[in-house]
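# Examination of the molecular architecture
If you want the building blocks of each chain, they are given just below.
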Amino acid sequence: MAEKTKGEVLKDSLFDKKENGWLTVSEEQENKIMDFAEGYIAFLNRAKTEREFINEAKKILLANGFKDLNEVSSLKPNDKVFYINRNKSLFASVIGSKNLKEGMQLVGAHVDSPRLDLRPNPLYENTDFAYLKTRYYGGIKKYQWTCIPLSLHGVITKANGEKIEINIGENDNDPIFTISDLLPHLAHKQEKRTLGDGIEGEDLNILIGSMPFKDDKVSSKVKLNILNILNKKYGTTEKDFISSELELVPAFKAKSLGFDGSMVAAYGQDDRVCSYTSLKAILEVNNPNKTATLILADKEEIGSMGNTGMYSEVFEYYVNELLHKLNQNNFNMVNTVLCHSKMLSADVTAAYDPNFTDVFEKHNEAYLNKGVSINKYTGGNGKSGASDANAEFISYVRSILEKNNVTYQITDMGKIGVGGGGTIAYILANRGMDVIDLGIPVLSMHSPYEVTSKFDVYMAYLTYRAFYEG
Ligand code: MN
Ligand code: MN
């Protein structure tokens with residue numbers, strides 16, 4: 001082999017190489033990455049909604065020595081606890097040897113994803129079809145949700161408190177639901193509308209039946225037939241929709257993508273990819289110096305409001321409970337803990353898509369297969385609404401990544417002026433923590449079928465594990 005020229009040697013030492021991660025791994029590492037992805041894909045197929053995620057997470061935490069904080073009266077270093085908030089959000093910690101006032105090492109992701117929620121009065125009949133009215137949840141491109149199989153998930157809680165868990169459309173024997181769209185032959189007018197209003201919010205009506213109840217004397221026979229089926233199966237009436245939370249999500253299975261199987265295609269990887277990897281990572285934490293804490297938040301996709309969203313003071317309540325059970329509580333101690341804490345806001349970012357180059361600034365985008373993506377700031381235009389992490393904290397995060405041989409990229413999202421986004425980072429930063437967004441790039445984000453790289457997924461797991469340990 002010819003000796004390297006002076007320029008080549010210099011370039012090796014001075015350039016940020018930004019290599020494709022697959023080029024850097026051994027066969028053994030490649031197998032580990034592929035195995036980890038198998039577990040991830042299986043999990044995605046078990047937990048498609050925030051409630052299902054929290055339920056699965058609880059099982060996994062219990063099986064790995066974590067205890068429900070409510071059932072623990074005192075805490076000591078290396079104790080492992082979790083707290084579930086209204087079946088939709090969760091905090092879990094491994095208690096550190098240092099006093100909590102020295103701060104925690106946090107990783108925070110969200111478990112809600114864009115979807116279609118049922119309206120309070122959803123069921124109606126039109127022209128011998130039965131339908132459910134929906135209101136979409138989070139940012140979606142509405143036309144993407146027609147003509148795909150949809151499954152129904154959630155709960156119906158009757159007036160007497162009895163709760164029925166619903167999951168229809170995931171098993172091979174289950175029926176699915178769908179939203180119809182116009183045939184191209186008659187769509188000449190529709191196709192002149194913009195992509196944004198080709199399908200409107202009020203067009204997202206779920207087709208759920210067409211068979212009439214056999215009785216000449218009654219009207220709304222198809223609706224009656226559906227209600228009768230539901231009544232026989234669940235003992236419910238139309239009024240029980242009032243106290244239900246039912247969500248429609250794509251019925252697609254999560255799968256390996258590509259001839260090389262290098263990617264994962266699945267619904268709701270924003271942000272289950274970070275939720276899953278940060279959950280898996282905390283299971284590995286033992287005897288940390290500082291308390292390691294996992295946050296799995298709800299409602300991120302609609303602004304983090306409400307008692308299960310990150311704005312809620314349920315998180316402060318949790319920290320107070322930890323302090324109390326560690327016998328370290330004192331005036332203002334929660335603020336001290338928060339202000340001394342460090343956090344990775346574990347959320348996805350847009351991946352550079354070669355099919356849509358005009359919205360990307362290619363020097364500063366996140367690329368699939370180039371590892372975890374650090375977003376110094378989110379927002380749009382002049383960093384409006386951004387939580388802009390400081391250089392000192394980035395240096396701290398970087399040093400952890402480099403010590404642990406994690407492949408990472410530092411990225412922005414899109415050309416200036418084309419849009420923007422946000423995460424839970426600013427909410428915790430406002431409470432005094434050092435926070436930065438660190439997740440992985442996703443193609444077709446917020447669509448019914450999102451794409452990630454298995455290499456990046458594994459890098460996220462390594463990152464969160466190292467960060468918990470500080
Ligand atoms: Mn997200
Ligand atoms: Mn999102």
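Preceding this paragraph is the structure being described.
Structure report, in brief. Note that the structure is predicted; figures quoted are calculated from it, not measured.

## A word on the sheet that holds strand E12 (residues 263-266)
Pairing is antiparallel in the open sheet, where three strands are placed in the order E11-E12-E22. Looking at which strands have only one partner, the edges of the open sheet turn out to be strand E11 (255-257) and strand E22 (450-453). The average angle at which neighbouring strand axes cross in this sheet is 35°, direction not considered. Strand direction decides the pairing type here: E12 and E22, joined by four bridges, are antiparallel. Opposite Ala265, over in E22, you have Val451 as the bridge partner. Contacting E11, E12 and E22, helix H2 (residues 27-46) crosses the sheet at an angle of about 0° to E12. Sheet strands in contact with helix H5 (residues 269-282) are E12 and E22, and its direction is about 35° off that of E22.

## Observations concerning the coordination of the manganese ion (ligand 1)
Perfect tetrahedral coordination of a metal by four donors corresponds to 109.5 degrees between them, and perfect octahedral coordination by six donors corresponds to 90 or 180 degrees. Looking at the manganese ion (ligand 1), the protein donor atoms are His110 (NE2), Asp270 (OD), Asp347 (OD) and Asp347 (OD), and they sit 2.1 to 2.6 Å from it. A gap of 3.3 Å separates the manganese ion (ligand 1) and the manganese ion (ligand 2), which Asp270 links by coordinating each metal. Of the two residues, Asp270 sits in helix H5 while Asp347 sits in the loop between strand E14 (342-345) and strand E15 (349-350), which places them 77 residues apart along the sequence.

## A word on the pairing of strand E16 (residues 372-375)
Neither face of E16 is open: one carries Val372 and Ile374, the other Ser373 and Asn375, and all of them are buried. When E16 meets strand E20 (residues 434-439), the two strands line up antiparallel, connected through three bridges. Looking at E20, one finds that Ile374 is bridged to Leu438.

## As for the pairing of E20
Here E20 lies mainly inside the structure; five of its six residues are buried. Alignment of E14 against E20, held across four bridges, turns out to be parallel. Counted as the bridge partner of Ser345 is Asp437 from E20.

## Here we look at helix H6 (residues 314-325)
With 12 residues, H6 should cover 16 Å at 1.5 Å per step; its first-to-last C-alpha distance of 16 Å lies within 8% of that length. Counting buried residues in H6 gives nine out of 12 residues, a clear majority hidden from the surface. All buried positions along H6 are accounted for by Val314, Phe315, Glu316, Tyr318, Val319, Glu321, Leu322, Leu323 and Lys325. In the core, the buried residues of H6 are packed alongside strand E2 (80-85), strand E3 (89-94), strand E4 (104-110), strand E13 (291-297), helix H7 (333-339) and helix H9 (425-430). Looking one or two residues beyond H6, the residue adopting positive phi is Asn327, at roughly 60°.

## A look at the nonpolar core
Membership of the largest hydrophobic core comes to 63 residues, with the highest contact counts inside it found for Leu61, Leu296, Tyr464 and Tyr468. Considering each element in turn, this core owes the most residues, 11 residues, to helix H10 (residues 454-469). Ranked by size, the runner-up nonpolar core spans 31 residues in total, among them Leu326, Val334, Leu428 and Val435.

## Some remarks on the pattern of salt bridges
Under the defined criterion, the tally for this structure stands at 22 salt bridges. Where Asp117 meets Arg115, a salt bridge forms, and the shortest distance between an N and an O atom there is 2.6 Å. Across the pair, exposure class does not vary: Asp117 and Arg115 are buried alike. When the shortest N-O distance is used, the salt bridge between Arg119 and Glu202 registers 2.8 Å. On the criterion of sequence distance, the pair formed by Arg119 in strand E5 (residues 115-126) and Glu202 in the loop between strand E8 (163-168) and strand E9 (206-209) is long-range, its members being 83 residues apart. We classify Glu202 as partly exposed; its relative accessible area is 43%. Bridged by salt links that share partners, the residues Glu50, Arg115, Asp117 and Glu247 form one connected network.

Basis of the calculations
- Residues numbered from 1 in each chain as written.
- Chains lettered and ligands numbered in written order.
- Predicted model: local features only at pLDDT ≥ 70, side-chain atom pairs only at ≥ 80, totals over all residues.
- Heavy atoms only, no water.
- Pairing = 2+ DSSP bridges.
- Helix = DSSP H or I, 4+ residues; strand = E, 2+ residues; numbered from the N terminus.
- Axes fitted to C-alpha atoms, helices over the stretch in contact; angles between N-to-C directions.
- Contact = heavy atoms within 4.5 Å.
- Donors = N, O, S within 2.8 Å, 3.2 Å for Na, K, Ca; no water.
- Buried < 20%, exposed > 50% of the residue type's maximum accessible area, 1.4 Å probe, protein only.
- Expected span 1.5 Å × (residues − 1).
- Core = buried A, V, L, I, M, F, W, Y, C linked by side-chain atoms within 4.5 Å.
- Salt bridge = Lys/Arg side-chain N within 4 Å of Asp/Glu carboxyl O.

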